[in-house]
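# Residue-level structure breakdown
Chain residues, written in single-letter form:
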Amino acid sequence: MGNEHGDRPIFEAGAVTDNRDGTDLAGEADASVQWLLQPRGGPDVRGPRNFDRSIRNGIRLAEYEHVLGEDAEQLKRHFPDGLARLWGATPLKKESHPKGTALRGRKVGDEVLFYAEKKFIAKARVLGLLRNPELARAVWGEQGDGRTWEHIMALGDVVEFKIPAAPILTALAVGKDVRYLRLVRAAERRRHLGLLDTLVAGNATLVGQPTSGEAAVAAAVRLGREDLLRALGTLDDSVPEESRTHHGSLTLLWSISRLVSGQSRLVPWHEFKAEIGPLLLEFGGSGTGAAPENPFRHLQSSGLWEVAGADGEGLDAALATASAESDIAAGLRPEVTKLLKQPLTRAEAIGLLCTTYFQDVDQGALLTRLGLAGYGHASGNAGEETEDREGADETTGRGTRRPVNSSRPDRDLRLVEEIKLLYQQGCQVCGVRLETRFGHYSEAAHIQGLGTPHDGPDKLSNLLCLCPNHHVQFDRLFFFIDEDWNVRRSRDDELISPLKRHPEHVIDEECVEYHRALCGRSRYSLGSD
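Since the model is a prediction, treat every value here as computed from it, not as a measurement.

Let us now look at the side chain of Q428. In this fold, Q428 is placed in the loop between α18 (413–422) and β14 (434–436). Among the polar contacts made by the side chain of Q428, one reaches the side chain of Y423 at a distance of 3.2 Å. Here the side chain of Q428 touches C465 through a polar contact of 2.7 Å, landing on its backbone nitrogen. Those residues in contact with Q428 that sit more than four places away from it in its chain are I419, Y423, L463, L464, C465, L466, P498, L499, K500, H505 and I507.

Below, the structure written as structure tokens:
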């Protein structure tokens, strides 16, 4: 984004350098920093999705090698881990537009303030400026008129927050909204920097860094499920790797299972000890401190957990002497419980905890043990009952068969036939049309399962046409569909293939998001980095 004096990319290399005349500004960097007021954009231009993707989560440079061109070396130097945070602007229709002043005047080292819905939501430092239409089109697509966000900023030091924009906009006298990129000169920024700092104080958290203690709770209340998930995903960040166990994450997963089964939020100490103790031995992992007292006490630092009935400093002694009649209890905070009652947030939380902390554990056995088996299968609790694929031979090959009494959701078989006809029995992942003696065979897979606890809708937009192999892998959460309709492997995000989509098949994005959450790959899952 923004080198209007040519298409040559300009990057920071050590000292901050003015991108127009090469002047070394290292000695007066702070004094020369400008503000760039950058609108995020609304859903009509994919603003929220693009922010999540290329700022909050970052993009993997390895997936865009074919369009990096001469920018490859510099981008890799600034993002040595291969994860780049980029933002772009469309070219001007009229050179006289005020946005042109910002494009021409900004420079490496400036500070970007992202604006959305009458709030400033993040700030970042400009590491480099480049103009690359091919890269922009590959990352963000293009607008209806064919333009793309080709003026690209490479960004670092990203900090997210949510503060009212009105005080700053009023002080700057730039209007009530930020509708296009605007430049605030260094002197003006210096006059109002204290106002920004005051508004942000106590609110900002570095992207990718843990939010702990009371700050995590406050963030969960103010900002919704993304902050809750960020706290869940960073439980162990301050613990040395050799000392990490599954104790805290296992306790939180157990607490969610209580919520699902309608049990009370706070658990008396004697009941907690009786239930968590065996779980820690079975699934808690290696390491010291396997006693139930540890997660009961230490989870308070996550900001998601509270202990009632005992003074913090005397908790150890109180637990040691507590009787069955003791008033000491603990559990998820009310604010967290309220968030987890939302089906999507709950699925995201369970998927994130499993993906982040239990890769070396039999997750199916763990979820079954906790009464959460439905979250280990895209079809829900009906998954085990429907392993006989529709139209397939039901012989088992070995063992005996026994009658069972069960219920399963009714399926509209007309929709099954419609999705197969639409794709001519071809798999939307691999394209295979499995040939049989009497024709071809495929299977209709619900994206958000009909079974409990998923309770997905039985409609065409919630169906995929898959071959038997990919149907099993989809139901068993081996792969997910990302926000750009790519099929990726759940354990490491490796690209499998683009999802094949028929123009007449409108897929429900909320159902896809739900399945992605079960795979531990929601847009807020820190583990996806």
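Following the structure, the description resumes.
Averaged over all residues, the pLDDT of the protein chain is 81; the fraction at 70 or higher stands at 79%. Ranking the helices and strands of the protein chain by mean pLDDT puts strand β17 (residues 463–466) first, with 97, and strand β10 (residues 205–206) last, with 42. pLDDT under 50 marks residues 1–28. Its contacts with residues more than four places away, or in other chains, come to 72 contacts. This model gives residues 204–221 a pLDDT under 50, and the stretch forms 43 contacts once residues within four places in sequence are excluded.

Close approach of charged atoms lets side chains of opposite charge pair. Applying the stated criterion across every chain yields a total of 26 salt bridges. With a closest N to O distance of 2.1 Å, D52 and R56 form a salt bridge. Taken together, the residues span about one helical turn, with D52 and R56 both in helix α2 (residues 47–57) at a distance of four residues. By relative accessible area, D52 is classed as buried at 3%. The partner of K76 in a salt bridge is E65, with the nearest N and O atoms 2.8 Å apart. A residue pair is termed long-range when its members are at least 10 positions apart, and K76 in helix α4 (residues 72–78) and E65 in helix α3 (residues 65–68) qualify at eleven residues. Salt bridges sharing partners connect three or more residues here, namely R49, R53 and D484.

This part is about the packing of helix α16 (residues 343–357) against helix α20 (residues 509–518). Following both chains from N to C, one finds α16 and α20 inclined at 30 degrees, their axes separated by 7 Å at the closest point. Between α16 and α20, the interaxial angle falls into the category roughly parallel. Between α16, through P343, L344, A347, E348 and G351, and α20, the contact on the second element is made entirely by E513, Y514, A517 and L518. For the contact of α16 with α20, the residue count by class is six nonpolar, one polar and two charged.

The rules behind the values
- Residues numbered from 1 in each chain as written.
- Predicted model: local features only at pLDDT ≥ 70, side-chain atom pairs only at ≥ 80, totals over all residues.
- Heavy atoms only, no water.
- Helix = DSSP H or I, 4+ residues; strand = E, 2+ residues; numbered from the N terminus.
- Polar contact = N/O pair within 3.5 Å; in protein donor to acceptor, adjacent residues only side chain to side chain.
- Contact = heavy atoms within 4.5 Å.
- pLDDT = per-residue confidence, 0-100.
- Salt bridge = Lys/Arg side-chain N within 4 Å of Asp/Glu carboxyl O.
- Buried < 20%, exposed > 50% of the residue type's maximum accessible area, 1.4 Å probe, protein only.
- Axes fitted to C-alpha atoms, helices over the stretch in contact; angles between N-to-C directions.
- Parallel < 35°, antiparallel > 145°, perpendicular 65-115°, else oblique.
- Nonpolar A, V, L, I, M, F, W, Y, C, P; charged D, E, K, R; others polar.

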